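Close look at the chain arrangement
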Amino acid sequence: MEVAVIAGDGIGNEVVSAARRVLDATAIDIDFVERPMGKDAIETYGTPLPDETVTTVRDIGYALKGPVETPIGSGFRSVNVELRKRLGLYANIRPCRYMDGVASRIDDPSDIDIVVVRENLEDLYSGIEFEKDSDDATELSSFLETNGFELPVKPGYSIKPISEAGSERLIRRAFEYAVEHGRKKVTVVDKANIMKHTDGLFMDVGERVAAEYDIAYEHLLVDNVAQQLVLRPEEFDVIATQNIYGDILSDLAGGLVGGIGMIPSANLGDETGVFASVHGTAPDIAGEGVGNPAAVILSGAMLLDHAGYEDEASRVRKAVRTVVSDGNAVTPDLGGDGSTETMTDAIIDEL
Ligand code: NAI
């Protein structure tokens with residue numbers, strides 16, 4: 001099988017190389033096709049997101065991606081957001097499952113196994129913004145005042161578009177994920193009591209889609225979920241939510257299980273999947289060879305699952321769990337004195 005590889009910036013190259021070694025060690029015949037993206041891509045291509053990278057990922061259908069930096073002045077607010085848009089990657093899936101050996105602030109984190117399914121293309125992250133005092137902001141203010149809305153003085157605007165179709169495909173994806181992975185419950189999360197035409201729409205779609213599935217369903221407001229995640233994290237299973245809430249709640253859930261250094265993710269469209277670490281380029285440790293490779297390795301396991309190699313994916317996850325719980329070869333962020341290389345070697349030995 002072919003897999004596009006985007007090494008990215010900072011520790012990206014180190015941790016993505018480690019993940020490639022682990023995927024190779026599963027004995028699946030994988031042909032890795034390297035493509036540039038991020039700060040380093042600018043020097044050669046003049047853009048952090050060359051067209052060729054997008055085309056290759058689309059053609060192959062699977063990519064393993066490290067973290068990338070979006071340079072200021074590159075023409076992109078976020079190069080990651082741009083990649084998601086261009087490939088139609090509307091669902092971000094983040095499993096946050098506790099692994100023995102990882103420090104957590106929760107007394108007994110062993111039952112935490114939460115999957116956040118976050119909408120990836122709509123909402124306040126759409127980039128529709130108007131600067132205070134700009135002509136567009138002033139025009140929008142006068143339109144709103146004409147329609148009877150009371151406004152603060154000279155506001156800036158960030159607009160929140162939520163569509164029925166976008167909500168439906170995301171929530172459906174969350175239920176399909178639950179079915180495929182034997183999960184028991186889907187919690188649809190929004191703030192429907194306040195934002196009736198965006199979050200209320202999301203809630204209504206959630207109820208309608210839930211009725212089609214034989215899986216427990218609940219609807220909760222996002223502020224309540226933030227509290228419940230801290231007080232009773234073991235009661236959550238799959239969470240389906242909008243872009244901004246998903247961004248925040250998935251970091252919260254990641255924090256419960258020991259931090260984002262261990263969290264993999266999948267960005268999925270109907271045809272394409274980009275599997276990537278949640279953490280960034282870690283500029284403070286880049287080049288030192290001590291970046292924790294687990295997040296990208298576990299993202300690689302999600303890729304294998306998605307490509308139909310479930311047994312190999314389980315073996316990779318089990319090997320990571322064993323090495324992390326053993327604690328001998330792990331990187332400093334996990335309390336060890338190992339390196340990216342020693343940790344990767346240990347995972348490959350386990351495999
Ligand atoms: P960061 O995740 O890079 O670093 C935060 C802290 O976590 C640092 O102390 C870092 O050393 C540590 N850390 C992160 N990953 C680690 C790993 N695998 N092993 C050990 N320690 C790890 O977040 P920060 O500093 O906010 O962002 C740095 C750069 O990364 C920025 O340019 C940002 O835009 C970019 N970024 C890219 C993302 C992506 O491509 N998916 C996601 C988040 C940030």
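Summing up its helical and strand segments, the protein chain has 12 helices and 12 strands in all. Compactness check: the protein chain gives a C-alpha radius of gyration of 21 Å against a globular reference of 20 Å for 351 residues, within 12% of the reference. Seen through its principal axes, the protein chain has C-alpha atoms that stretch 70 × 50 × 35 Å. Looking at the protein chain as a whole, 52% of its 351 residues are labelled buried.

Right, let's talk about the site of the ligand for a bit. Neighbouring the ligand are 18 residues, the closest being Val-68, Asn-80, Gly-280, Ala-282 and Asp-284. Within the backbone of Gly-280, a nitrogen or oxygen atom sits 2.7 Å from an oxygen atom of the ligand. For the shell around the ligand, a count of residues per class yields seven nonpolar, seven polar and four charged.

So, about the packing of aromatic side chains. Counted under the stated rule, the structure contains one aromatic pair. Arranged with centres 5.0 Å apart and planes meeting at 20 degrees, the rings of Phe-175 and Tyr-213 form a pair that is stacked. Highlighted residues: Phe-175 in helix H6 (residues 164-180) and Tyr-213 in the loop between helix H7 (199-210) and strand E9 (216-221), separated in sequence by 38 residues. Across the pair, Tyr-213 and Phe-175 agree in class, each one buried. Directly above the ring of Phe-236 sits Lys-185, whose terminal nitrogen or CZ lies 6.0 Å from the centroid.

A separate point is the pattern of salt bridges. Using the criterion set out here, one finds 20 salt bridges in the structure. Ionic pairing is found between Lys-160 and Asp-123, a salt bridge with its closest N-O pair at 3.6 Å. One end of the pair, Lys-160, is in the loop between strand E7 (157-158) and H6; the other, Asp-123, is in the loop between strand E5 (113-119) and strand E6 (129-130), and 37 residues separate them in sequence. Just as Lys-160 is buried, Asp-123 falls in that class too. Note that Lys-191 and Asp-223 form a salt bridge whose closest N and O atoms lie 2.8 Å from each other. Of this pair, Lys-191 sits in the loop between strand E8 (185-190) and H7 while Asp-223 sits in helix H8 (residues 222-231), placing them 32 residues apart in sequence. Judged by relative accessible area, Lys-191 falls into the buried class, the value being 17%. Linked by salt bridges that have partners in common, Glu-164, Glu-168, Arg-172, Arg-208 and Glu-212 make up one network.

In terms of nonpolar packing, the biggest core is built from 81 residues, with Val-186 and Val-320 touching the most fellow members. Each of domain 1 (1-90 + 261-351) and domain 2 (104-122 + 162-257) accounts for three or more of the residues forming this core. When near neighbours in sequence (up to four residues on either side) are disregarded, Val-186 contacts Ala-174, Phe-175, Ala-178, Ile-215, Ala-216, Tyr-217, Glu-218, Val-238 and Ala-240. Ranked by size, the runner-up nonpolar core spans 15 residues in total, among them Leu-49, Val-68, Leu-83 and Leu-89.

Moving on: the domain arrangement of the protein chain. Under the domain assignment used here, the protein chain contains domain 1 (1-90 + 261-351), domain 2 (104-122 + 162-257) and domain 3 (125-161). Using only C-alpha atoms to locate each centre, domain 2 and domain 3 end up separated by 30 Å. Summing both partners gives a buried area of about 590 Å² for domain 2 against domain 3, and 50% of it is carried by carbon and sulfur. Summed over the shared surface of domain 2 and domain 3, the result is one salt bridge. Measuring nitrogen to oxygen at the nearest pair gives 2.9 Å for the salt bridge that ties Lys-160 to Asp-199. For the interface between domain 2 and domain 3, the tally reads four residue pairs in polar contact (both at pLDDT 80 or more). Split by residue class, the side of domain 2 that touches domain 3 holds five nonpolar, four polar and four charged.

Looking at the secondary structure, you find Arg-84 in helix H4 (residues 79-87). This buried residue, Arg-84, is left without a salt bridge; Asp-247 holds the nearest opposite charge, at 7.4 Å. With sequence-adjacent residues up to four places away left out, Arg-84 is seen in contact with Leu-89, Arg-118, Asn-120, Leu-121 and Asn-267.

With that settled, consider helix H1 (residues 12-25). Since the α-helix advances by 3.6 residues per turn, residues separated by three or four positions end up pointing in the same direction. An ideal rise of 1.5 Å per residue puts 20 Å on 14 residues; H1 measures up with 20 Å between its terminal C-alpha atoms. Those residues of H1 lying buried are Gly-12, Val-15, Val-16, Ala-18, Ala-19, Val-22 and Leu-23. Looking straight down H1, one finds its buried side chains confined to an arc of 155 degrees; they lie on one side. Taken together, the buried residues of H1 touch strand E1 (2-6), strand E2 (31-34), strand E3 (62-65), helix H10 (294-306), helix H11 (310-326) and helix H12 (340-350). Looking at the residues trailing H1, positive phi occurs at Ala-27, about 75 degrees.

The rules behind these values
Residues numbered from 1 in each chain as written. Predicted model: local features only at pLDDT ≥ 70, side-chain atom pairs only at ≥ 80, totals over all residues. Heavy atoms only, no water. Helix = DSSP H or I, 4+ residues; strand = E, 2+ residues; numbered from the N terminus. Rg over C-alpha atoms; globule rule 2.2 N^0.38 Å. Buried < 20%, exposed > 50% of the residue type's maximum accessible area, 1.4 Å probe, protein only. Near = heavy atom within 4 Å. Polar contact = N/O pair within 3.5 Å; in protein donor to acceptor, adjacent residues only side chain to side chain. Nonpolar A, V, L, I, M, F, W, Y, C, P; charged D, E, K, R; others polar. Phe/Tyr/Trp six-rings, centres within 6.5 Å; stacked < 30°, edge-to-face > 60°. Lys NZ or Arg CZ within 6 Å of the ring centre and 35° of its normal. Salt bridge = Lys/Arg side-chain N within 4 Å of Asp/Glu carboxyl O. Core = buried A, V, L, I, M, F, W, Y, C linked by side-chain atoms within 4.5 Å. Domains from an automatic or database assignment. Contact = heavy atoms within 4.5 Å. Buried area = accessible area lost by both parts, 1.4 Å probe. Lys, Arg positive; Asp, Glu negative; His and termini not counted. Expected span 1.5 Å × (residues − 1). Arc of directions from axis to C-beta.

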